[in-house]
Amino acid sequence: EHNSFVDPGEGGSPGYDHVNPYILQNGLCSKCTVLCNDKLVGVYDFVEDDPGTDETEENTDGKDNSGHGTHVASIAIGNPLNVTLNGLPTVVAGVAPNANVISYRVCYIGDPVDQEDDGCQTSAIFSAIEQAIDDEVDVVNYSIGTDGDDPWRNGTTNMAFLNLRAAGIFVATSAGNGGPGSGTIGSPANAPWITAVGNATHDRVFASAVEGLTGGDTPPPNVLIGASFTDGIGVRKIVHAKDFGSALCGTGEPESGPDCSANTGLSNPFSPGTFNGEIVVCDRGTYGRVEKGKNLQLAGAGGYILANTEEWGEDVVADDHCLPATHLAFSDSEKLRSWLGSGTNHQGGLSGFSIFHIDEAGDQIAQTSSRGPGLPPIQNVLKPDLIAPGTEILGASSVDNNFAFLSGTSMSSPHVTGGAALLKSVHSDWTPSVLASVIMMTATPELAVDSDGSEATIFKRGAGRPRLDQAVNAGLYLEETESGFLAADPGNGGDPRDLNLPGLVDTTCRNNCVFKRTVTDLVGGASWSGSATGFANGVIATVSPANFSLSNNASRELTITIDLSQSELVGAWVYGEIRLSSGGLPDAVFPVAVFADGGDLPFEWKIDTG
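Source: prediction; values computed, not measured.

A.B. asks: It is not clear to me how the packing of aromatic side chains should be interpreted in this structure. Could you clarify?
C.D. replies: Each aromatic ring pair is summarised here by two numbers: the centre-to-centre distance and the angle between the ring planes. For the structure shown, the criterion picks out 15 aromatic pairs. With centroids separated by 5.8 Å and ring planes inclined at 80°, the aromatic side chains of F206 and F229 adopt a geometry described as edge-to-face. Pair noted here: F206 is in strand β11 (residues 204-214) and F229 is in the loop between β12 (224-227) and β13 (233-240), with a separation of 23 residues, a long-range link. One exposure class covers both F206 and F229, and it is buried. Aromatic ring contacts, followed pair by pair, group F206, F229, F353 and F405 into a single cluster. A cation over a ring is seen here: R284 above W312, with NZ or CZ 3.9 Å from the ring centre. The cationic tip of R497 hangs over the ring face of F515; the distance from NZ or CZ to the ring centre is 4.3 Å.

A.B. asks: What am I meant to see in the packing of helix α1 (residues 68-77) against helix α6 (residues 409-426) here?
C.D. replies: When two helices pack together, you describe them by how their axes are tilted relative to each other and by the distance separating the axes. Orientation of α1 relative to α6, taken along the N-to-C sense of each, is 35°, at an axis distance of 7 Å. The two elements α1 and α6 meet at a crossing, and its hand is right-handed. Contacts from H68, H71, V72, I75 and A76 of α1 reach α6 at S410, M411, P414, H415 and G418. Looking at side-chain class alone, the contact of α1 with α6 contains 5 nonpolar, 5 polar and no charged residues.

A.B. asks: What exactly am I supposed to notice about the state of the cysteines here?
C.D. replies: In protein chemistry, a disulfide is the covalent bond that joins the sulfur atoms of two cysteines. This model, assessed by the stated rule, comprises 5 disulfides. What pairs with C29 in a disulfide is C36, and their sulfur atoms sit 2.0 Å apart. Taking the sign of the torsion about the S-S bond as the criterion, the disulfide between C29 and C36, at about -80°, is left-handed. With respect to burial, C29 and C36 carry one shared label: buried. One disulfide bridge connects C509 with C513, the sulfur atoms lying 2.2 Å from each other. In this structure the cystine formed by C509 and C513 twists about its S-S bond by roughly -90°; its chirality is therefore left-handed. C32 takes part in no disulfide bond, and the closest cysteine sulfur to it belongs to C36, at a distance of 12 Å.

A.B. asks: Would you explain the pairing of strand β3 (residues 81-85) in this entry?
C.D. replies: The two faces of the sheet receive side chains in turn, since in a regular strand these alternate between them. Burial of the side chains of β3 is restricted to one face: L81, V83 and L85 are buried, whereas none of N82 and T84 on the reverse face is. Alignment of β3 against strand β4 (residues 88-92), held across 5 bridges, turns out to be antiparallel. Pairing of L81 across the sheet is with V92, part of β4.

A.B. asks: Would you mind going over the environment of G348 with me for this structure?
C.D. replies: Structurally, G348 can be placed in strand β17 (residues 347-350). It is 10 Å that separates the C-alpha atoms of G348 and V239, two residues lying 109 residues apart in sequence. Beyond its immediate chain neighbours, meaning those up to four positions away, G348 contacts E211, G212, L213, G234, V235, R236, I238 and I279.

A.B. asks: Hey, could you run me through the pattern of salt bridges in this one?
C.D. replies: If you walk through the whole model with that rule in mind, you get 19 salt bridges. Taking the shortest distance from any N to any O, the salt bridge between K63 and E1 comes out at 3.2 Å. With K63 in the loop between β2 (40-45) and α1 and E1 in the segment before β1 (26-27), this pair connects stretches of sequence that are 62 residues apart. We classify E1 as exposed; its relative accessible area is 63%. Here D283 and R337 are joined by a salt bridge, their closest N and O atoms 2.8 Å apart. You can see D283 sitting in strand β14 (residues 279-283) and its partner R337 sitting in helix α5 (residues 330-340), a full 54 residues away along the chain. D283 sits in the buried class, given a relative accessible area of 13%. Residues joined by salt bridges that share partners form a network here, namely D283, E334 and R337.

Reading the values: rules and limits
Residues numbered from 1 in each chain as written. Predicted model: local features only at pLDDT ≥ 70, side-chain atom pairs only at ≥ 80, totals over all residues. Heavy atoms only, no water. Phe/Tyr/Trp six-rings, centres within 6.5 Å; stacked < 30°, edge-to-face > 60°. Helix = DSSP H or I, 4+ residues; strand = E, 2+ residues; numbered from the N terminus. Buried < 20%, exposed > 50% of the residue type's maximum accessible area, 1.4 Å probe, protein only. Lys NZ or Arg CZ within 6 Å of the ring centre and 35° of its normal. Axes fitted to C-alpha atoms, helices over the stretch in contact; angles between N-to-C directions. Left-handed = near helix turned anticlockwise from the far one by under 90°. Contact = heavy atoms within 4.5 Å. Nonpolar A, V, L, I, M, F, W, Y, C, P; charged D, E, K, R; others polar. Disulfide = S-S within 2.5 Å. Pairing = 2+ DSSP bridges. Salt bridge = Lys/Arg side-chain N within 4 Å of Asp/Glu carboxyl O.

In structure tokens form, the structure reads like this:
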């Protein structure tokens, strides 16, 4: 029913007039209750009654009953729509808004109050994958995941996704939301034959200002810009909640409801009337961002500033709070807390939110985004492959034909899926190997930083953020086959480090390590030169041959050597990149991560000394 999925060209209405490539519609579209059109050309529902519950009316004829699928699909292929956010007009659209879409429902939602029995049925996932192969779709998005496991041994879905790739279908999936720890990539994201996408910020900032600050014994900070999606509030007293007994603005068990109505105040540490219209500062942590504001509202506050602690760094989120509010990064939060700790009569106001586009605000890795390196047996594969916007993404909601802001790697994955669909529309003959490798090799890590402001290594951001304007003109790609992926199974003596993929990863590089990669021409022939950049002092990285030419569709094997023998690095990761350049074509980049392994100590070492 959502306008993101109608065919805007039907009936003479303005917009792109979709054409159903199947002529006939697929699956449940024959039912009068299933609203298909030339854009939404197929709907399937593979979910069966869950035998572990009393639910017997679970089949929804493919309709989304949680909102997740609606939001994800709109990010990949939603129609361009004019929307108004708190009075500000903007446009929301999917990455590939002219694409057709088939929806495959595979996830079971039980009692909406008790979500402990939610899940996605393995049998339904298998059925959907087989149906997608039968439907000969071009790209698949899979914003679902579980804990990481052995992709060659897992009896559920990993190998089924290899079937998709072998059938010529590109797949992107969410890397997982298990960060910030290392080795947290989920499954099937850890499989080398699927593109795993981490969650990063975008450059569109919904922000408001903490302004007009006066009082205290030290000079007040200049205007502080925070993430916000609420109205403003005029100048009034500003206080820190710690002075009222709870810096975290919560007590007991957290509610952590996603919106104002989902929080009841059960965690409220303040009695009614504690505040009298002040703007109250709460430190971030333990309790939900919106939950804290609800507690303040019930206690009489007029406004709310959520202040990051060092743990949260510069990661901020624009929420639709219960009262005028903004969310400050750690650096600005420290300025505010320091000023509030001096003197008395601190005052200021909150401006209403506006939409800003700030380059530096983008490509910050979300704290929750899962990171590499991969755990055995796939520790020699680069994961995540890429990052894409996944924080505070505006997309379709299944409620009241409206829109919602959601965050997570579920939101980053469809950006890449939509991007692959756009590339496929230009180059209809590009295979999954071409799509996966050119998107990675032309991505940019230039602006990527971790949520705490530290370096975003390739195990946090993969190859970086896709640049489709570069990928569409790529001159090289890396081919890898189904048999190659199967042969790389470490359980049968294979080594994933030898797969013909852009990432060069070795967890046991002693003195030097050597990689072989075979590049294939995409542009009718060109001459290329190889170089190494970004490596630490003493690390010598070389490409052989350093210069080579390819004729139309020709291939060439390259030998890349990472020599650590002149480096003092031991017991540390070494990062860099191998860059292949050709005049007039985008550079093709191989991200590199090798662990400088000093070797094994002998069982016994005898030393005689005087």
